[in-house]
Every structure is written in C-alpha cells, then in structure tokens.
Protein chains: 2
Amino acid sequence: MKKIAAFVLVATAAALATPAMAQFAKPEDAVKYRQSALTVMATHFSRLGAMANGKAPFDAKQAAENAAIVETLSKLPWAAFGEGTDKVGNTKALPEVWSQQAKFKEASEKLIAEAAKLNAAAKVGTLDALKTAFGPAGGACKNCHDTFKAK
Amino acid sequence: MKKIAAFVLVATAAALATPAMAQFAKPEDAVKYRQSALTVMATHFSRLGAMANGKAPFDAKQAAENAAIVETLSKLPWAAFGEGTDKVGNTKALPEVWSQQAKFKEASEKLIAEAAKLNAAAKVGTLDALKTAFGPAGGACKNCHDTFKAK
C-alpha cells in the first residue's frame, strides 16, 4: 500500500509538473515513444526522398500524404527527451541532448520548421517543389543526428 | 553538402520500387514501423483516456491536439501487415491477421472511423463530447487486439 501510494505520488508529481503532452509513466516509455515517433517520421520521409531523388516515380497525392505525416510527427519526439531519460533502455541519444539543451531545442525547432515547409511544398504538387524543400529538411535531420545521436 | 547528399541517399535507399504507402525494404522494417505507429497512437490515446476517465484534468486544447494525432496515426499501421511479415522480429500479431484478412481489414477500418469521430468530438471542446467518443474508440482498439494480437 505504501509502495502504491509512493508510486501514485511520483506519477501525480510528474503529471502536475509537466504539460500533458510531456507525460510518461516511466523513462523507458519516453524512450520507446520518441524512438517510435522518429521511426514513423523517417519511414515517410524516406518515401519522399525516393521521389525527390528519382528512385521512385513522383506521385503528387502520395507525396502530399507522406509530407503531412512527416509534419505531424516532426513535432512529437522532443517532449520525450525529459530529465532522467538519458541513459535508459536502448537510447542512442548522446549526453549532449541534456548538456546542450538550447542547441538541441534549436535543432528540433529547425526540423519542425523544415517539415512544415516540406509539407507546404508537397501540396504544390510538383516534383520541383518537393525537391527544393527536401534537401533542407534532410539537412535538419542530419544536423541533429550529427551532434545528438550515437553513430 | 556532400555529406548531406550521402545522408539523404542512405535515407532513401530503403524506399525503392513499390507503392509508396506500402513500401518496406525488409519485413523487419514493416514490423518496426507498425509497432511504432501503434505505440505513438496508444500514447496519445491514453492521454485522452486519462481526461475522459477523470484521472487528469480536462484541457480542451490538449484533447484536440492528442485526438488529431490519434486520427493521423490510426491510418498508418495497416499497410505494414503485408505478406511475409507474420513471423518476423518480436511481432505480437497472430496468424489470424493473415488467415482472416477481411475481418482484420474491417477491424482496422472500424478503428480509423472511431478515431475520426474521436477527433471531431475533441474539437467540440467539452469533456462530455470527449467521453462519448472515447468509449467506442477504446472498444475498437480492444476488438482488434482480442482477435489479432497475442496476449
């Protein structure tokens, strides 16, 4: 009973301290969630890349669908990099995520901005528009991985 | 620039040749993708559940954000249950997914429909509207899990 009470207290404290979008019962859940969001985003991003790089035929409807998913997912992982989730499970996040928080925030906001541009570009419905936006979006992925993700 | 190009090339190499929404280089990728999409969906669904069940204070803006994500994610996992992905990795999908394809499709479409209703209800901005839509949406999750997911 005491254990349950303590757990509830911890869970409640976490719920009160952070907005609902950042709530995870356990640090492991946060890691699983952020990796999942990044996996889904990367899958749809790579499909846009195949079109942008001429490896798959350009299809305006599919490009728009994929880009909309990328934009939605681009906003999600960052709230799950909270304190205490730095050495959990099979995370590939480097300590720099927490020691350089301003830079990490800037990198994530850059990705969110580029994903929004990519989605807007995909809605134009031309391969040229997609190509123009795809490079900078890929750059924003790489920029963050270079500093904050283990190889 | 060359590094970015190489990064983008690696990111896109996975996505060659098949229809954009159903593409996976390896069966393992499909399993990882569908589990990731379901994890992200479940996380946001559970936040709506906390509000609907009085475990967290109702916040109309957060409810709307969570429900929009649930609707987007509800459409994604199903294309990743293709042939050859039935006994791969740590999948919990039962053989019934492939032996009862019409029933599985119906169950997934039910979830998609309920997630759309849930999103519409969340936009109303009242706890009552959220509660009304949450039950049937949870039922659609359970309905599919009961038949198609290992315990």
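Residues numbered from 1 in each chain as written. Chains lettered and ligands numbered in written order. Predicted model: local features only at pLDDT ≥ 70, side-chain atom pairs only at ≥ 80, totals over all residues. Heavy atoms only, no water.

**A look at the nonpolar core**
Phase 1: In this structure, L48, L73 and L118 of chain A together with L48, L73 and L118 of chain B are the most contacted members of the largest nonpolar core, which totals 76 residues.
Phase 2: The element that contributes the greatest number of residues to this core is helix 2 (residues 27-52) of chain A, accounting for 10 residues. (Core = buried A, V, L, I, M, F, W, Y, C linked by side-chain atoms within 4.5 Å. Buried < 20%, exposed > 50% of the residue type's maximum accessible area, 1.4 Å probe, protein only. Helix = DSSP H or I, 4+ residues; strand = E, 2+ residues; numbered from the N terminus.)

**Let's talk about the pattern of salt bridges**
Residue and element names in this part refer to chain A.
Phase 1: Summed over all chains, the structure comprises 10 salt bridges over all chains.
Phase 2: Among the salt bridges present, the one from E109 reaches K105, with a minimum N-O distance of 2.7 Å. Here the residue E109 and the residue K105 both occupy positions in helix 5 (residues 101-124), the gap between them amounting to four residues, near one helical turn.
Phase 3: A salt bridge links K110 to E114; the nearest nitrogen and oxygen atoms lie 3.0 Å apart. In this pair, K110 and E114 both sit in helix 5, four residues apart, roughly one turn of the helix.
Phase 4: Assessed through its relative accessible area of 42%, K110 is described here as partly exposed.
Phase 5: Through salt bridges with shared partners, one network takes in K110, E114 and K117. (Salt bridge = Lys/Arg side-chain N within 4 Å of Asp/Glu carboxyl O.)

**Describing the environment of F104 of chain B**
Residue and element names in this part refer to chain B.
Phase 1: When you line up the elements, F104 lands in helix 5 (residues 101-124).
Phase 2: Judged by its relative accessible area of 8%, F104 is buried.
Phase 3: F104 sits 69 residues away from Q35 along the chain, and the two C-alpha atoms are 16 Å apart.
Phase 4: Apart from residues no more than four positions distant in its own chain, F104 is found in contact with W78, F81, V97, C144 and F148. (Contact = heavy atoms within 4.5 Å.)

**Points about the packing of aromatic side chains**
Phase 1: Applying the stated criterion to the full structure yields 14 aromatic pairs over all chains.
Phase 2: Ring centres 5.0 Å apart and planes at 70° place the aromatic pair F81 of chain A and F104 of chain A in the edge-to-face group. Taken together, the residues F81 of chain A in the loop between helix 3 (60-74) and helix 4 (96-99) and F104 of chain A in helix 5 connect sequence positions 23 residues apart. This pair shows no difference in class: F81 of chain A is buried, exactly as F104 of chain A is.
Phase 3: Taken together, W78, F81, W98, F104 and F148 of chain A form an aromatic cluster joined through their ring pairs.
Phase 4: Geometry around F24 of chain A places R47 of chain B over its ring, the cationic atom sitting 4.9 Å from the centre.
Phase 5: For the cation-ring pair, R47 of chain B lies above Y33 of chain A, with the distance from its terminal atom to the ring centre recorded as 5.8 Å. (Phe/Tyr/Trp six-rings, centres within 6.5 Å; stacked < 30°, edge-to-face > 60°. Lys NZ or Arg CZ within 6 Å of the ring centre and 35° of its normal.)

**Considering the side chain of T91 of chain B**
Residue and element names in this part refer to chain B.
Phase 1: Here T91 shows up in the loop between helix 3 (60-74) and helix 4 (96-99).
Phase 2: A distance of 3.1 Å separates a polar atom in the side chain of T91 from the backbone nitrogen of A93.
Phase 3: Once residues lying within four places of it in the same chain are set aside, the contact partners of T91 are V31, R34, Q35 and D86. (Polar contact = N/O pair within 3.5 Å; in protein donor to acceptor, adjacent residues only side chain to side chain.)

**With respect to the confidence of the model for chain A**
Residues and elements named next belong to chain A.
Phase 1: Taken as a whole, chain A shows an average pLDDT of 89; of its residues, 85% reach a score of 70 or greater.
Phase 2: Note that pLDDT drops below 50 for residues 1-21; the model gives that stretch 12 contacts with residues more than four away or on any other chain.
Phase 3: We note a pTM of 0.87 for the whole complex and an ipTM of 0.87 for its interfaces. (pLDDT = per-residue confidence, 0-100.)

**Here we look at helix 3 of chain B**
Each turn of an α-helix holds 3.6 residues, which means side chains three or four residues apart point in the same direction.
Phase 1: Over its 15 residues, helix 3 of chain B extends 21 Å from the first C-alpha to the last, a length consistent with the 21 Å expected when each residue adds 1.5 Å.
Phase 2: Every buried residue of helix 3 of chain B is listed here: Q62, A63, N66, A67, I69, V70, E71, L73 and S74 of chain B.
Phase 3: On its buried side, helix 3 of chain B packs onto helix 3 of chain A together with helix 2 (27-52), helix 5 and helix 6 (127-148) of chain B.
Phase 4: You can read the cap of helix 3 of chain B off the contacts: a side-chain oxygen lies 3.1 Å from the backbone nitrogen of K61 of chain B, and it is on D59 of chain B. (Expected span 1.5 Å × (residues − 1).)

**Some points on the packing of helix 5 of chain B against helix 6 of chain B**
Residues and elements named next belong to chain B.
Phase 1: Contact geometry of helix 5 with helix 6 gives a least axis separation of 8 Å together with a crossing angle of 160°. With respect to helix 6, the axis of helix 5 lies roughly antiparallel. In terms of crossing hand, the pair formed by helix 5 and helix 6 is left-handed. On helix 6, the residues touching K103, F104, A107, K110, L111, E114, K117, L118, A121 and V124 of helix 5 are A129, L130, A133, F134, P136, A137, A140, C141, N143, C144, T147 and F148.
Phase 2: When its residues are assigned to classes, the contact of helix 5 with helix 6 shows 16 nonpolar, two polar and four charged. (Axes fitted to C-alpha atoms, helices over the stretch in contact; angles between N-to-C directions. Parallel < 35°, antiparallel > 145°, perpendicular 65-115°, else oblique. Left-handed = near helix turned anticlockwise from the far one by under 90°. Nonpolar A, V, L, I, M, F, W, Y, C, P; charged D, E, K, R; others polar.)

**Topic: the environment of S108 of chain B**
All names here are of chain B.
Phase 1: Tracing the backbone shows S108 in helix 5.
Phase 2: Taking the C-alpha atoms as reference points, S108 and L76, 32 residues apart in sequence, are found 10.0 Å from one another.
Phase 3: Among the polar contacts made by the side chain of S108, one reaches the main-chain carbonyl oxygen of K105 at a distance of 2.8 Å.

**Considering a positive patch on the surface**
Phase 1: Together, K26 and K32 of chain A together with K92 and K149 of chain B make up a region of like positive charge exposed at the surface.
Phase 2: Structurally, K149 of chain B can be placed in the segment after helix 6. (Patch = residues over 30% accessible without salt bridge, like charges linked within 9 Å, V, L, I, M, F, W, Y side chains within 5 Å. Areas by Shrake-Rupley, 256 points an atom, 1.4 Å probe, with all protein chains shown as cover. Lys, Arg positive; Asp, Glu negative; His and termini not counted. Charge placed at Lys NZ, Arg CZ, Asp CG, Glu CD.)

**Some details on helix 5 of chain A**
Residue and element names in this part refer to chain A.
Phase 1: With 24 residues, helix 5 should reach 34 Å at 1.5 Å per residue; the first-to-last C-alpha distance of 35 Å fits that figure.
Phase 2: Every buried residue belonging to helix 5 is among F104, A107, S108, L111, E114, A115, L118, N119, A121 and A122, and all of these are buried.
Phase 3: Tucked into the core, helix 5 has its buried residues touching helix 2, helix 3, helix 4 and helix 6 (127-148).

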